[in-house]
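Examining the three-dimensional arrangement
So the chains spell out like this:
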Amino acid sequence: MTYPTFTKEHKSLMAKYLTKDIFDQLKDKKTQNGFTIEDVINSGVKNPDSGIGAYAGDSESYKTFALLFDPIIEEYHHFAQDDTHQSDLNPDHLNAPTSDDLDKYIVSTRIRVGRNLADFPLGPAISDEQRDAVEKIVSNALNSLDGDLSGTYYPIDGMSKKDSEQLIEDHFLFKAGDRFLETAGLNRNWPMGRGIYHNKDKTFLVWINEEDQLRIISMQKGGNIKEVFTRLTTAISKLEEKMEFSFNKHLGYITSCPTNLGTAMRASVHIKVPNLSKNMEIFKRITDKHHLQIRGIDGEHSQSKGGIYDISNKRRLGVSEVQCVQDMYDGVVELIKAEKELSI
Ligand code: ADP
Ligand code: CIR
């Protein structure tokens, strides 16, 4: 492979840090799963509007291609190479009292973590057989859960179009990967090996073999953030008894996209803030202060509808899971205060 042609349209951190010199040092390297620098950067080269533009094929990619990943991780997470990751999944450490305001402005709350199995490559480098094996291991483990977490696994292959469209519209199911995931190799052999597990009330869900092998999700209507976090942490520890997740002390939980490393957690609310949406400067000032990201309500790269936004933590690495949720909670309380002031 030769050095890619970057235009001024290429805005990703990958395009910023992949100099010709770094490229030359990486171009002949390969991980044990055969992942190369060409595979790492393909999504960002083909999609100039990528923000990050790089994916890992296995945990080894983060070491083999560290000359590229380290500066990306450092800039995105403000996390230096000698820092170590902190984990805290104890809901008692979260200060998130409920209130009428939270329930009034928050339409729904969702917290997810990404996880991958220690013994398999990540999605961008996994083979069809390995992906099917992951599906089997994870769905069997899920099917043995009981109580509030007990539910059913639904493979996407064989699901009716009507059912899958309804689940996507209701924010429960993922769609086939967009052009970013497609060029990262994450849509190969779609929809085989992919599926969703959920309990009866759809408050506990696990996506299998999307961007990560597991996306463990706790969600419900309204603004009881602590209840959602507590359900999630219980589920994580039950699953940890049944499988080993890919983890290292420096980068935390290993994920295919470097933005998810560490806690791999995104804690979000769908919040109705029509006045703030007309005052983006105030909106942005508050979200920046609390390290939050604003997304549309149909997921990443989507638009807001009816003044409802998806607000979530941006920090994931070098901060604990409790801190991720605390960032979101504190920011949301301040957003609601500002929204109320603007409505007077
Ligand atoms: P991820 O959270 O896995 O990084 P997305 O941003 O694509 O990915 O969101 C996945 C789905 O979850 C989308 O359908 C999105 O609308 C839904 N979602 C995210 N946050 C919430 C929330 N607080 N309430 C309801 N649905 C949500
Ligand atoms: C980009 O670089 O913009 C896309 N590859 C998405 C990056 C954000 N990460 C993610 O959704 N996991």
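Residues numbered from 1 in each chain as written. Chains lettered and ligands numbered in written order. Predicted model: local features only at pLDDT ≥ 70, side-chain atom pairs only at ≥ 80, totals over all residues. Heavy atoms only, no water.

Rolled over the atoms, a probe with the dimensions of a water molecule shows which regions are left empty. In total, this model carries three cavities of 30 Å³ or more according to the counting rule given. In this structure, the largest cavity spans a volume of roughly 60 Å³. Considering the residues around the largest cavity, the lining is formed by Gly123, Ile126, Arg131, Gly185, Leu186, Arg194, Asn209, Glu210, Glu211, Asp212 and Gln213. Looking at side-chain class alone, the lining of the largest cavity contains two nonpolar, four polar and five charged residues. Of the pockets and cavities examined, the second largest cavity occupies roughly 50 Å³. Along the walls of the second largest cavity sit Lys175, Ala176, Gly177, Leu181, Leu186, Asn187, Trp190, Arg194, Asn209, Glu210 and Glu211, which together make up its complete lining. Taken together, the residues that form the lining of the second largest cavity break down as four nonpolar, three polar and four charged. (1 Å grid on protein atoms, 1.4 Å probe; cavity = no way out; pocket = protein on both sides within 12 Å on 5 of 7 lines; lining within 4 Å. Points joined across faces, edges and corners; volume = space filled by probe spheres on them. Nonpolar A, V, L, I, M, F, W, Y, C, P; charged D, E, K, R; others polar.)

This part is about the domain arrangement of the protein. The assigned domain composition of the protein is domain 1 (13-77) and domain 2 (97-342). The C-alpha centroid of domain 2 is placed 24 Å from the C-alpha centroid of domain 1. With 21 residues of domain 1 at the contact, the number on the domain 2 side is 23 residues. Both faces combined, the contact of domain 1 with domain 2 buries some 1900 Å², and carbon together with sulfur accounts for 60% of it. Of all residues in domain 1, Tyr55, Tyr62 and His77 give up the largest surface area on contact with domain 2, accounting jointly for 33% of the area buried on that side. Counting every contact that joins domain 1 to domain 2 gives one salt bridge. Looking at the side of domain 1 that touches domain 2, the elements that each hand over two or more residues are helix H3 (37-46), helix H4 (59-64) and helix H5 (66-77). (Domains from an automatic or database assignment. Contact = heavy atoms within 4.5 Å. Buried area = accessible area lost by both parts, 1.4 Å probe. Salt bridge = Lys/Arg side-chain N within 4 Å of Asp/Glu carboxyl O. Helix = DSSP H or I, 4+ residues; strand = E, 2+ residues; numbered from the N terminus.)

With that settled, consider the sheet that holds strand E5 (residues 214-221). Across the sheet, eight strands lie side by side as E2-E3-E4-E5-E1-E8-E10-E9; this open sheet has antiparallel pairing. Each edge of the open sheet carries a strand with a single partner, namely strand E2 (151-155) and strand E9 (292-295). The sheet shows a mean angle of 20 degrees between the axes of neighbouring strands, direction not considered. The pairing of E2 with strand E3 (residues 195-199) spans five bridges and is antiparallel. Bridging across to E3, Gly151 finds its partner in Asn199. Helix H13 (residues 321-342) rests against strand E1 (106-115), strand E8 (265-272), E9 and strand E10 (308-313) of the sheet, and its axis sits at about 15 degrees to E8. (Pairing = 2+ DSSP bridges. Axes fitted to C-alpha atoms, helices over the stretch in contact; angles between N-to-C directions.)

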